[in-house]
Amino acid sequence: MFTSGGTQSNLQALLLARDEALAAGADPARLRVLAGECGHFSVQKSAALLGLPAGAVVTVPATRTSGCAPTRSRPNWTAAPAKG
Ligand SMILES: Cc1ncc(COP(=O)(O)O)c(C=O)c1O
């Protein structure tokens, strides 16, 4: 699959992930996207476009030494506004 750039790639990836999760029976209100703290703002915009609940994008600590790779710290799942 080819896309026109990073923003469209993020949207496409989240669309596929959302649809797969919903097809597997996930509760839409409990969907979460883990994004590195240095991630592109299009992740937030894409999540909103796809109808994910407010707070669905959970920012996780990331290292900038190899792109935006998540560190080993556990994400703060429970702090997301839509608890689930
Ligand atoms: C991870 C990531 N997402 C999104 C973008 C935005 O890409 P574009 O300007 O092609 O939409 C970039 C650009 O570098 C990126 O690195």
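Every chain begins its residue count from 1, and numbering advances along the sequence as written. With pLDDT at 70 or above as the cut-off, local features in this predicted model cover only qualifying residues; side-chain atom pairs require 80 or more to be listed or tallied, and sums for whole chains, interfaces and linings still use all residues.

## Observations concerning the overall build of the protein chain
Helix and strand definitions here come from DSSP, where helices need a minimum of 4 consecutive H or I residues and strands a minimum of 2 consecutive E residues; each element is numbered from the N-terminal end. Of the regular secondary structure elements, the protein chain holds two helices and four strands. Tracing the protein chain from N to C terminus, the helices and strands come up as α-β-α-β-β-β. Counts of 20 or more other C-beta atoms within 10 Å of a residue's own C-beta define buried residues, counts of 12 or fewer define exposed ones, and intermediate counts define partly exposed ones; C-beta atoms are placed from the backbone. For the protein chain, the proportion of its 84 residues judged to be buried stands at 14%. The contact criterion used here is simple: two residues whose C-beta atoms, placed from the backbone, lie within 7 Å are in contact. Of the contacts formed within the protein chain by residues at least 6 apart in sequence, a portion of 59% connects residues at least 24 apart.

## Some points on the site of the ligand
Taken together, the residues surrounding the ligand are G5, G6, T7, N10, H40 and S42. The element that contributes the greatest number of residues to the shell around the ligand is helix α1 (residues 6-23), accounting for three residues. Tallied by class, the residues present in the shell around the ligand amount to no nonpolar, six polar and no charged. Using a C-beta atom placed from the backbone for every residue, we mark a residue as near a molecule or strand if that atom lies within 6 Å of it. The classification used treats Ala, Val, Leu, Ile, Met, Phe, Trp, Tyr, Cys and Pro as nonpolar, Asp, Glu, Lys and Arg as charged, and all other residues, Gly among them, as polar.

## Topic: the pairing of strand β2 (residues 57-60)
Paired strands, in this sense, are two strands between which DSSP finds at least two bridges. One ladder, built from four bridges, connects strand β1 (residues 33-36) with β2; its direction is parallel. Residue G36 lies in a different strand from β2, and its bridge partner there is V60. In the classification by handedness, the crossover that spans β1, the intervening helix α2 (residues 42-49) and the parallel β2 is right-handed. Whether a crossover is right-handed depends on one test, that the path from the first strand over the helix to the second runs clockwise when the strands point away from the viewer.

## Some points on α1
The terminal C-alpha atoms of α1, which comprises 18 residues, lie 26 Å apart, in line with the 26 Å expected from a rise of 1.5 Å per residue. For α1, every residue scored as buried is listed here: N10, L14 and R18. For α1, the buried positions fall inside an angular range of 60° around the axis, keeping them on one side. Opposite the buried face of α1, at more than 90 degrees from it, the exposed residues are L16, D19, E20 and A23. At its buried positions, α1 is contacted by β1 and α2. In the segment just after α1, G25 is the residue with positive phi, at about 95°. Any helix carries an expected span of 1.5 Å times its number of residues minus one. This arc is taken over the directions from the axis of the helix to the C-beta atoms.

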